[in-house]
Amino acid sequence: MSAVARIDLAAFEHNVASIVSAVAPAAAWVAVKSNAYGHGMLELADNALTAGASGLAVLDVPAALALRSHGITAPLFAWLHGTHTDFTSAVEHNIDLGVSTIEQLESIARVPGTARVHLKIDTGLHRNGIPDELWDSVCAAARGWEETNDIRVVGVWTHLADASLDADNAALDRFDAAIERARAAGLSPELLHAAASPTAIRNPRARYDVVRVGIATYGISPFDDVDGVGLGLRPVMSLHAEISSSTESQSIVSAGWTDGVPQSTDPGTFIAVGNNRASVLGVFPGHTVIDGSFPVGTIVDIVGGNGATAEDWAGWVDGIGDEIVTGIPTRVRRIYSR
Ligand SMILES: *Cc1c(COP(=O)(O)O)cnc(C)c1O
């Protein structure tokens, strides 16, 4: 058996529902970028919505159009655009568009129909967003295009650095000021949003009308000081393979780094074989060597199950849990069950 990833739909729905109730009365959009952090965007979209999400945050227009073709009618928010982004199809399919530059706004205003626009203010992260000094002029231009029915500014938003509570609150002060200035320019955004998983969970002030939550819905903690289980979440994805050969002292697991096994050299790294924790001795392209002799054919838990969590692996490779699950390539078969 080559590597397989199991996706626990009940765990995903539990996580979405628990975040939805924690952030209420704010609404929650589930972030499904990077193919739902490797879990499968089309496969999970319905589950996110039935568990209470009011929309999906998708990164780019092609992903939003794929969801529309798949029959998803809920609000979809796309904010990363290139010079060739198909805004005509986006507006035609009622996709909410995040806007970070006047050029994007102009392109969006030019296509047929009234586009639903969310203006993004840069509150300090400097990862796109309209700079503070251009904000008033972009708001004024946006108001002009509202008057000709080319756009409607339905939202104002920002993205936080999630570095510290104080830094986030300073960014939120700038966000509040930008909202005031947008209103002074004659705009009336009804969807204000700033929070991703960390601030949605820990900073009620950041919730506004809607939060955009990704990693937490997949059961992985966005914090260093607590894991997903500690937050009442359940891991959604697990990675498994089998023992393909064995000597007196070592065994070969039929999955390697090309299957998403992180290349950890941390001495604490282990894979679960039943209830045993077998130390990882080496991760190779197509296999992993573990300590101990185990029967050929035994299924092992690499991530999840009895094995280490995505957070454990992230600690071993000095990364974040997002990278562990997103790093399991799409050619690894996903099995969806509940
Ligand atoms: C990825 C992303 C999110 C979700 O972040 P998580 O930390 O995974 O919850 C929200 N908003 C934007 C703009 C993002 O890029």
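First things first, this report covers the structure right here in the doc.

Rules of the game
Residues numbered from 1 in each chain as written. Predicted model: local features only at pLDDT ≥ 70, side-chain atom pairs only at ≥ 80, totals over all residues. Heavy atoms only, no water. Pairing = 2+ DSSP bridges. Helix = DSSP H or I, 4+ residues; strand = E, 2+ residues; numbered from the N terminus. Axes fitted to C-alpha atoms, helices over the stretch in contact; angles between N-to-C directions. Contact = heavy atoms within 4.5 Å. Buried < 20%, exposed > 50% of the residue type's maximum accessible area, 1.4 Å probe, protein only. Polar contact = N/O pair within 3.5 Å; in protein donor to acceptor, adjacent residues only side chain to side chain.

1. Thoughts on the sheet that holds strand E9 (residues 210–213)
In step 1: Pairing is parallel across the open sheet formed by 8 strands, whose spatial order is E8-E7-E6-E5-E4-E3-E2-E9. One side of each edge strand has no neighbouring strand; the edge strands of this open sheet are strand E8 (191–193) and E9. Here the average twist between neighbouring strands, direction ignored, is 30°.
In step 2: Here strand E5 (residues 96–99) pairs with strand E6 (residues 115–120) via 3 bridges, running parallel. Counterpart to Gly98 in the pairing with E6 is His118.
In step 3: Packing against the sheet, helix H1 (residues 9–23) makes contact with strand E2 (27–31) and E9, and its axis sits at approximately 145° to E2.
In step 4: The strands that helix H7 (residues 132–147) touches are E6 and strand E7 (151–157); relative to E7, the one it contacts most, it runs at about 150°.

2. Quick notes on helix H4 (residues 61–69)
In step 1: Of all the positions in H4, only Val61, Ala63, Ala64, Leu65, Leu67 and Arg68 are classed as buried.
In step 2: Contact partners of the buried residues in H4: helix H3 (41–50), strand E3 (55–59), strand E4 (76–78), helix H5 (87–92) and E5.
In step 3: With a side-chain oxygen lying 3.2 Å from the backbone nitrogen of Ala63, the N-terminal cap of H4 falls on Asp60.
In step 4: Once H4 ends, the next one or two residues include Gly71, with phi positive near 100°.

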